[in-house]
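Given next are the chains, with one letter for each unit.
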Amino acid sequence: MIATAPSGFLSVGQASAKRMARRATIEGRSGRTLLVHGPAGAGKGAFVDDLLALAFCSADDRTARPCNACRGCRDARARSHPDLVIGSPELWREQRSVGESIVAAARRWLLEVAGAPVIADRRIVLVEHADRASEQIQNALLKTLEEPSDRHGFILVADDVTRLLPTVRSRCQPLRIGPVPHDELVAHLMDRRRLPADQASTLARIAHGLTGAAIGYADRTELIDWRRRTQSSLLGQLGHGPADRFEAVRDLLDDTIPVEPVGPARDGGDDPAEGGGRAPASVQRGAAMRIVEAWIDLTRDLLVASVGRADLAPSGELAPDVSGIGPRLDPGELIGMLRLLEKVSGGLQESASPRLALETAMLAWPRSDR
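Position numbers for residues count from 1 along each chain, tracking the sequence in the order it is written. Where local features are concerned, this predicted model is filtered to residues with pLDDT of at least 70; where side-chain atom pairs are given and counted, the filter is 80 or more; whole-chain, interface and lining totals use all residues. Based on all heavy atoms of the structure, the side-chain values leave hydrogens and waters out of the count.

> Before we go on, may I ask you to explain the sheet that holds strand β5 (residues 172–176) in this structure?
Strand pairing within a sheet occurs via backbone hydrogen bonds; the two strands may be parallel or antiparallel. One bridge is not enough; two strands pair if DSSP finds at least two bridges between them. Each helix is a run of H or I in the DSSP string that is no shorter than four residues. Each strand is a run of E no shorter than two, and both are numbered from the N terminus. Taken together, the five strands give an open sheet; going across it, the order is β2-β3-β4-β1-β5, and neighbouring strands pair in parallel fashion. Because the sheet does not close on itself, it has two edges, and the strands there are β2 (84–87) and β5. Between one strand and the next, the sheet's axes are offset by a mean angle of 20°, whatever the strand orientation. Bridge count between strand β1 (residues 33–37) and strand β4 (residues 152–158): four bridges; the pairing is parallel. Looking at β4, one finds that Leu35 is bridged to Leu156. Contact between two residues is taken to exist if any of their heavy atoms lie within 4.5 Å; hydrogens are not considered. Axis lines are fitted to C-alpha atoms, over the contacting stretch for helices. Their N-to-C directions set the angle, which ranges from 0 to 180 degrees. Strands in contact with helix α2 (residues 44–56) are β1, β2, β3 (123–127), β4 and β5; relative to β1, the strand with the most contacts, it is inclined by about 155°. Contacts from helix α5 (residues 102–112) reach β2 and β3, with the element oriented near 160° to β3.

> Mind showing me how you'd approach the pattern of salt bridges here?
Oppositely charged side chains can form a pair if their charged atoms are brought close together. When a carboxyl oxygen of Asp or Glu is within 4 Å of a side-chain nitrogen of Lys or Arg, the pair counts as a salt bridge. Evaluation of the coordinates by the stated rule reveals 19 salt bridges. Taking the shortest distance from any N to any O, the salt bridge between Arg171 and Glu146 comes out at 3.3 Å. One end of the pair, Arg171, is in the loop between α7 (166–169) and β5; the other, Glu146, is in helix α6 (residues 135–146), and 25 residues separate them in sequence. Buried means the residue's accessible area, taken with a 1.4 Å probe over protein chains only, is under 20% of the maximum for its type, while exposed means over 50%, and partly exposed covers the values in between. Residue class for Arg171 comes out partly exposed when judged on its relative accessible area of 31%. With relative accessibility at 41%, the residue Glu146 sits in the partly exposed group. With its nearest N and O atoms 2.3 Å apart, the salt bridge here joins Arg250 to Glu247. Within this pair, Arg250 and its partner Glu247 are both found in helix α12 (residues 242–256), separated by three residues, close to a single helical turn. Each of Asp49, Arg79 and Glu128 takes part in one network of salt bridges that share partners.

> Explain the environment of Ala248 here, please?
Of note, Ala248 is situated in helix α12. Ala248 gets classed as buried once you look at its relative accessible area, which sits at 4%. Between the alpha carbons of Ala248 and Phe56 there is a distance of 51 Å; along the sequence they are 192 residues apart. Sequence-distant contacts of Ala248, defined by excluding residues within four places in its chain, comprise Gln237 and Met362.

> Can you help me understand helix α10 (residues 211–219) in this one?
Since one α-helical turn is 3.6 residues long, residues separated by three or four positions face the same way. Residues of α10 that are buried: Thr211, Ala214, Ile215, Tyr217 and Ala218. Each buried residue of α10 lies within a common arc of 155° when the element is viewed along its axis, so the set occupies one face. Summarising the geometry, the arc corresponds to the directions from the helix axis toward the C-beta atoms.

This is the structure in structure tokens:
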């Protein structure tokens with residue numbers, strides 16, 4: 001006998017966002033553009049799947065939607081529904097004609113999605129990575145959002161809403177996807193991924209309650225090994241000088257690129273390998289951003305350890321040295337390092353050189369007598 005999914009939302013947590021989405025559907029006012037936003041790894045994809053099932057569910061009782069049993073729900077979750085159209089800066093780049101700019105490709109796509117729905121009441125237009133779109137593309141999208149149609153519903157997905165034009169944000173109903181309470185995420189990992197309680201708790205802690213990140217660690221154990229190696233290397237560099245640190249940057253990138261999926265390039269032009277390197281610039285940048293994320297986590301944990309609260313440092317689960325090294329470091333220097341790493345992260349999002357960005361951070365990494 002084939003088990004069926006229970007009715008309702010299947011994503012974890014996000015009670016407020018779910019309540020707003022469900023209320024709009026029950027009251028029949030779900031035509032406004034929805035903006036699903038939250039940090040990378042928060043689980044926005046699973047929540048969007050819920051929204052799509054909600055939009056295409058054919059259950060007579062609106063309060064029972066999504067039923068997760070009808071054809072509409074199944075096709076929505078498989079993202080194969082004939083009235084679902086998906087776009088993104090990456091897809092527009094890939095689908096552009098010879099000599100066509102990505103802006104022109106996006107505008108052409110927006111015209112194409114304006115058609116009538118095939119079998120559902122409305123066509124749902126899903127724009128992923130909307131915050132990675134250029135200002136020109138966002139302005140083209142804005143014109144579409146300014147002229148809403150009863151036949152269409154839009155869902156925008158973004159990691160960083162501040163990268164969206166204020167005029168675009170003003171026309172959206174924001175639905176924030178954030179961390180999930182620890183116990184709830186642990187229970188989810190134990191139920192859906194069949195993890196033992198201690199391992200589920202560890203993953204929930206190092207993922208800072210972000211569902212997508214925790215599931216990523218559960219499904220790709222090499223990421224756990226990578227994180228352990230990276231943070232151990234960074235801890236080791238606390239006692240080394242500039243020459244060793246520059247060498248470490250190269251080693252960190254070389255170690256991270258194999259675990260970094262071929263990520264989407266930003267829509268600012270071609271994406272060749274940087275300086276004739278071994279990987280495209282987008283992959284190097286993605287690897288550098290992954291390193292910086294782990295670095296920020298480690299720095300925060302060293303900071304709480306420096307003031308005697310190593311028990312609040314999730315990195316200690318994988319790098320036990322945190323509790324011993326933290327008290328040897330100056331909290332003020334660690335706060336300054338956190339600010340720098342945040343700037344480095346922003347620079348990488350703006351297409352800064354991955355190696356140069358990491359070298360800048362490495363030179364500022366505090367020194368410690370271990």
